[in-house]
Structure formats: structure tokens, C-alpha cells
Amino acid sequence: MRIWIYLFFGFFFALLAFASWKSYRRNRSAEEFMLAGKSIGPILGFLTFSAALFSAFTFMGMPDFFRNNGIGAWTFLAFSDGVMVFFILWFGYHLRRNAKEKNFQGVAGLMVSSYGTKWAGIAMFTSAFVFLIPYVAIQIRGISIFLEAAFPGLLPSWVWSLVMVMVMLAYAEIGGLKAIVYSDAIQGIILLLVIWLIGGTCISAFGNVPNMFKAVEKVNASLLSTPGPNGLFTWQFLLGSMIAVVMIPVTQPQLTTRLVVIKDLASMKKMAYAVGIFAILVIAPTIFIGMYGAARYPDLPTSEFLSQALLFDQAAPVAAIAIVGLFAACLSTTNAQIFALGNELRSLLTGNEKTAMRYTRIALFVFAAIVMVFSTFMSDELVLLARVSFTGTAMMAPIVLVAVIRKGRPAKAIIVVSSIAFLTYLMSVIGIVPDHLGPMRLDLILYLFLLLLTVAIQALKPVFTG
Amino acid sequence: MKLQKRYWMICVILVVILVVLGYTPLMIPRDVYKPMLLGIPYSLWTSILGTIALVALTYIGAKVHPGSDKKETES
């Protein structure tokens with residue numbers, strides 16, 4: 001298998017090097033480096049958006065989520081993604097209109113100019129920082145689990161994480177966002193190919209799809225319905241997840257930025273439904289891998305199940321391409337997120353562009369180092385950690401939505417209200433505040449609180465401002 | 001343009017209906033996995049069909065959305 005691994009890695013790195021070199025010659029100005037000259041076409045646009053959205057968490061987290069919690073995982077992610085892509089049509093139009101008016105450099109910067117206070121930008125940057133760092137660390141953790149299994153005893157997992165972070169930084173430093181977009185395109189194609197190859201193998205182990213579900217029925221029939229064996233997929237959990245997923249393009253800067261850097265509105269609309277199709281295609285095989293695991297390896301820990309299903313039960317070339325595919329998935333998503341954090345910071349910096357870029361580049365290294373440290377003690381619950389990240393940033397959605405929809409200056413009270421919701425959710429994550437109030441989940445209560453207060457604040461704004 | 005706005009509103013209404021149905025016992029009944037379709041459990045095939053419908057509505061929505069590049073620049 002090692003020969004296949006070297007062969008595929010060689011090919012993958014050659015593609016990355018080519019894309020990096022191509023991007024390096026073109027990217028000179030800060031805007032071209034950080035925002036790819038805002039000239040991404042629809043195909044690259046949909047591949048980069050999809051690759052930033054679907055990552056190690058899809059590849060490794062979703063099969064394990066299906067295996068442990070059952071078929072409700074489809075509603076959790078795929079159905080939510082369906083709502084999200086429709087929402088992009090509406091949100092993307094308003095966002096791009098605003099971005100043009102205010103010369104978009106980053107979401108945080110856009111909020112500063114919309115609200116007329118730096119606190120709006122600081123709030124956005126803080127939420128992205130607090131919840132993206134664990135999310136990026138999840139990806140690194142995912143690939144190190146996998147590489148440790150592929151090369152047992154060769155390197156400890158933290159060294160794998162370090163290698164990953166170094167490649168990512170080198171690549172981003174050379175090519176900027178354009179290089180990341182190219183790498184996303186490569187990764188998106190590899191991810192789709194690999195996940196179907198593995199999914200196909202998993203189905204063929206049972207002969208066909210009905211037999212696969214029959215096998216699962218014999219092992220644990222509660223996996224075939226909601227809320228699943230652990231009672232996770234209640235309507236409240238699924239609804240809260242849907243809201244968090246729909247808010248991803250609003251509050252996760254790596255995806256918001258991708259809506260702006262697409263060259264025109266028509267391309268962005270094409271991107272929206274293409275991402276929807278990609279979501280269905282990429283999540284469907286994770287059902288097969290998860291159900292295969294539920295029938296064959298119901299009691300194995302996450303890392304052993306993934307090693308078995310994605311690696312040892314596959315033919316050597318498929319296992320080798322799975323390793324490369326996962327590495328690529330992890331690389332592009334983490335790159336996108338760390339780069340987005342850097343861009344957010346840059347959009348908050350004022351003064352000389354050269355100095356701002358220097359600080360941004362230093363910040364990229366600092367963010368990567370923090371991620372590296374986090375990744376060494378992340379748990380294996382990839383999907384639930386991702387959900388925490390989506391929900392945490394979603395608390396800041398009113399700040400962006402009001403700024404983007406309203407033509408005038410939004411009320412500053414929205415920053416305060418969103419920040420309170422954000423801090424409350426953060427406290428619930430670390431256990432200071434309960435995650436339920438009576439029978440209701442805290443995230444749903446916070447969404448309702450945000451909706452009502454945002455509407456009330458905007459309605460009462462003329463009363464206070466005269 | 002008026003007609004386009006109407007079609008867009010129809011898409012929005014259909015998406016809202018689908019979303020509401022998606023989280024009711026109609027699509028995710030508790031502990032029920034029959035009737036199966038092509039061997040696929042009930043909540044899974046209904047959710048898959050719901051997702052396909054959402055993506056189809058996104059495709060139609062992209063065609064009829066009243067926003068344009070010209071409007072983007074004008075505003």
C-alpha cells in the first residue's frame with residue numbers, strides 16, 4: 001500500500017506546487033493575496049465553497065455519526081444544507097451589494113463600517129476566533145488519527161499535526177487565497193471520488209442497499225429511526241442544528257468571504273445550487289460507511305472503526321487515495337479557516353497596508369500554533385464539536401444580517417444583544433450555564449431571544465434616535 | 001420583473017413549508033422506520049426527498065431571483 005500512498009501523495013503535492021506557483025506569480029497586491037482579486041468563477045467558486053464546508057468532519061465525522069446515532073444524521077446535515085443553499089441566494093445578493101458599497105476587506109471590517117464602531121468588528125472577530133480555533137483543531141485531530149493508523153508507530157500524532165500545519169502555512173504564504181481556492185478544487189474532486197469508492201465498497205459488502213439496512217436492523221433497529229439509540233436526534237436538536245448550519249455563510253468568515261470573491265451574482269447563484277448537489281453527493285456515501293460500521297463494528301472506538309472502514313477493509317489503491325483525500329480535505333479546510341481569521345484581523349487593522357499585511361502574516365503563524373496545541377487534546381466527537389462551532393458563531397448572525405439587509409446604520413444595541421447570547425452559549429459549552437432550560441434546548445431559546453430582540457430594537461430605533 | 005418576484009415568493013413559501021414539515025412527525029416520527037422505500041428507512045427516504053426538493057427549489061430560485069448584478073451595483 002505504501003507505494004500507492006507515495007504515488008498519490010506525489011501527484012497531489014505536484015498539483016499543489018503547480019497551483020501555488022501559478023498563484024504566486026499573479027498575487028501581488030494585498031487584495032489579490034487575501035481575496036483572490038474577487039474574480040473567482042462559478043466552478044472554482046462552488047468547489048472552494050464545498051471544500052471549505054465539507055472536510056474531515058464530513059469524511060470521518062459523518063460516518064461515525066451515522067454509526068452511533070443513526071439515520072437522523074441525514075436531516076442533521078444534508079437537509080440543513082439544502083435550506084442553507086436556498087438561503088445563500090437571498091443572503092448572498094444582499095451581502096454582495098453591501099460588500100461593493102463598502103469595499104469589502106473582511107466581515108469584521110464590513111461590520112465596523114456598517115455600525116460605525118470598531119466594537120462590531122471586534123465582536124465578529126472574537127466569535128470567529130473562539131469557535132473556529134476548535135473547529136480547525138478538529139480537522140487536524142481527524143487527520144492525525146488517520147495517519148497514525150496508516151503508519152503505526154512511525155510518528156506520534158502531534159508530529160503529524162505539526163507536518164500538516166507546516167504544509168498549510170507554506171502553501172498559504174506562497175499563494176494566498178487563490179492558491180487555497182485551487183487546492184480546494186483539487187480537494188473537492190478527490191473527496192467526492194474517494195468517498196464514493198469507499199461507500200461503494202461498503203454497499204458491496206452486503207450486496208445491495210436493502211440488505212445493508214436489514215443487517216443494521218438485526219444489530220440495532222433504533223439506528224433506523226429518530227431520535228436514534230442515544231436519543232440525540234430530537235426535533236429540537238435537529239432544528240437548532242439547521243439554524244446553525246444555515247447561519248454558516250453569515251457568521252463563518254471563510255464562507256462569507258467566498259460569497260464575495262465570486263466574480264458576479266450569476267456565478268454565485270450557480271454556485272448555490274451546485275453546492276446543494278455536491279452536499280447530497282458527498283453525504284450520501286457517508287450513510288453507507290456509517291451503516292457498514294453499525295453492522296460490522298458497532299462497539300469499536302471511533303479511531304479503530306475509521307481505520308477499519310476507510311483503510312484496512314479497502315483495496316490498497318483505495319486506502320491510499322483515502323489517506324491522500326483526507327489529508328487534502330483537512331488541508332484545504334484548515335487553510336481556509338486560518339486564512340479567513342487572518343483576513344478578518346487585517347480588515348480591522350488601520351494604517352499602512354504593508355504593516356497590516358506583516359501583522360496578518362505573523363497572525364497566521366500564531367493562529368496555526370494555537371490550533372496545533374488545541375488539536376493535541378481534542379476529543380473524537382468530530383461532528384458534535386463542529387456543531388458547537390456552528391452554533392457559537394451563529395449567535396452573532398443578527399449583527400451581520402441587520403447590517404447587510406438594512407440600508408441605514410443599524411442600532412448598536414444589536415451588538416450588545418448578540419454578544420450576550422454568544423457569551424451565554426459559550427458559558428453553556430464550558431458548563432457554567434445549563435444547556436437546557438426546562439424542556440427547551442438553550443440554543444433554541446437564544447435564537448428566539450435574538451430574533452425577538454433584534455426585531456424590537458430595529459423597530460424602536462427611530463423612537464430613540466428621533 | 002413583477003412575475004419574477006412572484007415566482008421567487010412562491011419558492012420561498014415552498015421552502016418554508018418544507019422546512020416546517022421536515023421537523024414534524026410527518027418526516028421524523030419517533031421510533032418509526034416503516035414503510036421503507038427500496039429498503040430505505042422511512043425518515044431517511046423522506047428526508048432525502050425533502051433535500052432533493054430543497055436543492056431543486058434553489059435551482060429554480062436562482063433562475064427567478066429578482067436580484068441582478070446591475071441592481072447590486074446601483075444600490
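Everything quoted here is computed from the prediction, not taken from an experiment.

Enquirer: Is there a simple way to think about unusual backbone geometry in this case?
Expert: The omega angle of the peptide bond from A:T226 to A:P227 is 10°, so this bond is cis rather than trans. Following the sequence through the fold, A:P227 ends up in the loop between helix 9 (209-220) and helix 10 (235-246). Following B:K34, the chain continues to B:P35 via a peptide bond in cis, the omega torsion being 5°. Structurally, B:P35 is set in the loop between helix 1 (2-22) and helix 2 (42-64). Unusually for a residue other than glycine, B:L38 sits at a positive phi of about 50°.

Enquirer: I tried to follow the packing of aromatic side chains on my own but got confused; where do I start?
Expert: How two aromatic rings sit relative to each other is set out by the distance from centre to centre and by the angle between their planes. Residues and elements named next belong to chain A. For the coordinates displayed, the defined rule picks out 27 aromatic pairs over all chains. Note on F76 and F237: the rings are 5.9 Å apart at their centroids and 20° apart in plane angle, and the pair reads as stacked. A residue pair is termed long-range when its members are at least 10 positions apart, and F76 in helix 5 (residues 72-101) and F237 in helix 10 qualify at 161 residues. Accessibility assignment for this pair places F76 and F237 in one class, buried. A ring pair is formed by F125 and F129, whose centres lie 6.2 Å apart and whose planes are at 25°; its orientation type is stacked. Of this pair, F125 and F129 both sit in helix 7 (residues 118-150), four residues apart, roughly one helical turn. Accessibility expressed as a relative area gives 14% for F125, which makes it buried.

Enquirer: Help me understand the interface of chain A and chain B, please; the structure alone is not making it clear to me.
Expert: Many authors give the size of an interface as the accessible area that is lost as the parts come together. Chain A puts 40 residues into the contact, and the matching count from chain B is 44 residues. Both sides together, the interface formed by chain A and chain B hides about 3700 Å², and carbon and sulfur atoms give 71% of it. Area buried by chain A at its contact with chain B is led by A:F79, A:F86 and A:Y273, which between them contribute 20% of it. The tally of links between chain A and chain B comes to one salt bridge.

Enquirer: What should I look at first to understand the nonpolar core in this one?
Expert: Proteins that are soluble and globular tend to have nonpolar side chains buried together. Residues and elements named next belong to chain A. Grouped together as the largest cluster of nonpolar side chains are 199 residues, with contacts concentrated most on F12, M62, M111 and I283. At 21 residues, helix 8 (residues 157-204) tops the list of elements feeding residues into this core. Excluding residues within four positions of it along the chain, M111 makes contact with G116, A120, G121, M124, I399, V400 and A403.

Enquirer: Even after reading the chapter, I still don't get the confidence of the model for chain B, so can you show me in this structure?
Expert: Low pLDDT marks stretches whose predicted atomic positions should not be read closely. Residue and element names in this part refer to chain B. Model confidence for chain B is summarised by a mean pLDDT of 91, while 91% of its residues fall at 70 or above. Mean pLDDT across the elements of chain B ranges from a minimum in helix 3 (residues 69-74), with 59, to a maximum in helix 2, with 97. Reported confidences for the modelled complex are a pTM of 0.93 and an ipTM of 0.95.

Enquirer: Where do I start with helix 9 of chain A in this structure?
Expert: One turn of the α-helix equals 3.6 residues, which is why residues spaced by three or four share an orientation. Given a rise of 1.5 Å per residue, 12 residues ought to cover 16 Å, and the 16 Å separating the end C-alpha atoms of helix 9 of chain A matches this to within 8%. Taken together, the buried positions of helix 9 of chain A are occupied by A:M212, A:F213, A:A215 and A:V216. The buried residues of helix 9 of chain A occupy one face: seen down the axis, they fall within an arc of 155°. Each element contacted by the buried residues of helix 9 of chain A is listed here: helix 13 (265-296) of chain A together with helix 2 of chain B. One side-chain oxygen at the N-terminal end of helix 9 of chain A lies 2.9 Å from the backbone nitrogen of A:N211; it belongs to A:N208.

Enquirer: Would you take a moment to explain the pattern of salt bridges for this structure?
Expert: Overall, the coordinates contain five salt bridges over all chains when judged by the stated rule. A salt bridge links A:E217 to B:K34; the nearest nitrogen and oxygen atoms lie 3.9 Å apart. Taken together, the positions of A:E217 in helix 9 and B:K34 in the loop between helix 1 and helix 2 put the pair across two chains. When salt bridges that share partners are traced, they join A:R387, A:R441 and A:D443 into one network.

Enquirer: Before we go on, may I ask you to explain the packing of helix 3 (residues 42-53) of chain A against helix 8 of chain A in this structure?
Expert: Angle between the axes and distance between the axes are the two parameters that describe a pair of packed helices. Residues and elements named next belong to chain A. As a packed pair, helix 3 and helix 8 sit with axes 8 Å apart at the nearest point and diverge in direction by 75°. By the angle between their directions, the pair helix 3 and helix 8 is classed as roughly perpendicular. Contacts from L44, L47, T48 and A51 of helix 3 reach helix 8 at V181, Y182, D184, A185, Q187, G188 and I189. Tallied by class, the residues present in the contact of helix 3 with helix 8 amount to seven nonpolar, three polar and one charged.

Enquirer: I keep staring at the environment of A:L385 and nothing clicks. Help me out?
Expert: Within the secondary structure, A:L385 sits in helix 17 (residues 382-394). Sequence separation between A:L385 and A:Y292 is 93 residues; the distance between their C-alpha atoms is 23 Å.

Enquirer: It is not clear to me how the side chain of A:S307 should be interpreted in this structure. Could you clarify?
Expert: As for its placement among the helices and strands, A:S307 is situated in helix 14 (residues 302-312). At a separation of 2.6 Å, a polar atom in the side chain of A:S307 contacts the main-chain carbonyl oxygen of A:S303.

Enquirer: Hey, could you run me through the environment of A:P63 in this one?
Expert: All names here are of chain A. Position of P63 among the secondary structure elements: in helix 4 (residues 56-69). Between the alpha carbons of P63 and V383 there is a distance of 9.8 Å; along the sequence they are 320 residues apart. Not counting chain neighbours up to four residues away, the residues in contact with P63 comprise T58, T286, I289, G290 and F305.

Enquirer: Just to check I follow, could you spell out the side chain of A:Q314 for this structure?
Expert: Position of A:Q314 among the secondary structure elements: in the loop between helix 14 and helix 15 (316-348). A:Q314 gets classed as buried once you look at its relative accessible area, which sits at 8%.

Cut-off values and rules
By convention here, each chain's residues receive numbers from 1 onward along its written sequence. Going through the entries in the order they are written, you letter the chains from A and number the ligands from 1. For a predicted model such as this one, the threshold for reporting local features is a pLDDT of at least 70, and the threshold for listing and counting side-chain atom pairs is 80 or more; totals across whole chains, interfaces and linings nevertheless cover every residue. For side-chain calculations, the full set of non-hydrogen atoms in the structure is used, while hydrogens and water are omitted. Every helix listed is a DSSP run of H or I at least four residues long, and every strand listed is a run of E at least two residues long, numbered separately from the N terminus. Under the pairing criterion, centres of Phe, Tyr and Trp rings, with the six-membered ring standing for Trp, must be within 6.5 Å; the plane angle then separates stacked pairs below 30 degrees from edge-to-face pairs above 60, leaving the rest tilted. Burial here depends on accessible area, computed with a 1.4 Å probe over protein chains only, as a share of the maximum for the residue type. Under 20% is buried, over 50% is exposed, and the range in between is partly exposed. In this description, contact between two residues means that some pair of their heavy atoms is separated by no more than 4.5 Å. Accessible area that two parts lose when put together, evaluated with a 1.4 Å probe and summed over both, is termed the buried area. What counts as a salt bridge is simple: a side-chain nitrogen of Lys or Arg found within 4 Å of a carboxyl oxygen of Asp or Glu. Nine residue types can take part in a nonpolar core, namely buried Ala, Val, Leu, Ile, Met, Phe, Trp, Tyr and Cys, and a core is a set of them joined through side-chain atoms within 4.5 Å. Each residue carries a pLDDT score, the predictor's confidence in it, ranging from 0 to 100. What a helix should span is 1.5 Å times the count of its residues minus one. Working definition: the arc comes from the directions between the helix axis and the C-beta atoms, pointing outward to the latter. Polar contact is defined as a pair of N or O atoms within 3.5 Å, subject to the rule that within protein one atom must be able to donate a hydrogen and the other to accept it, and that residues adjacent in sequence are counted only when both atoms are side-chain atoms. For helices, the fitted line uses only the C-alpha atoms of the stretch in contact; every axis is such a line through C-alpha atoms, and the angle between N-to-C directions lies from 0 to 180 degrees. Any angle that falls under 35 degrees is termed roughly parallel, while one over 145 is termed roughly antiparallel, one within 65 to 115 roughly perpendicular, and all others oblique. Think of it as three bins: nonpolar holds Ala, Val, Leu, Ile, Met, Phe, Trp, Tyr, Cys and Pro, charged holds Asp, Glu, Lys and Arg, and polar takes everything else, Gly as well.

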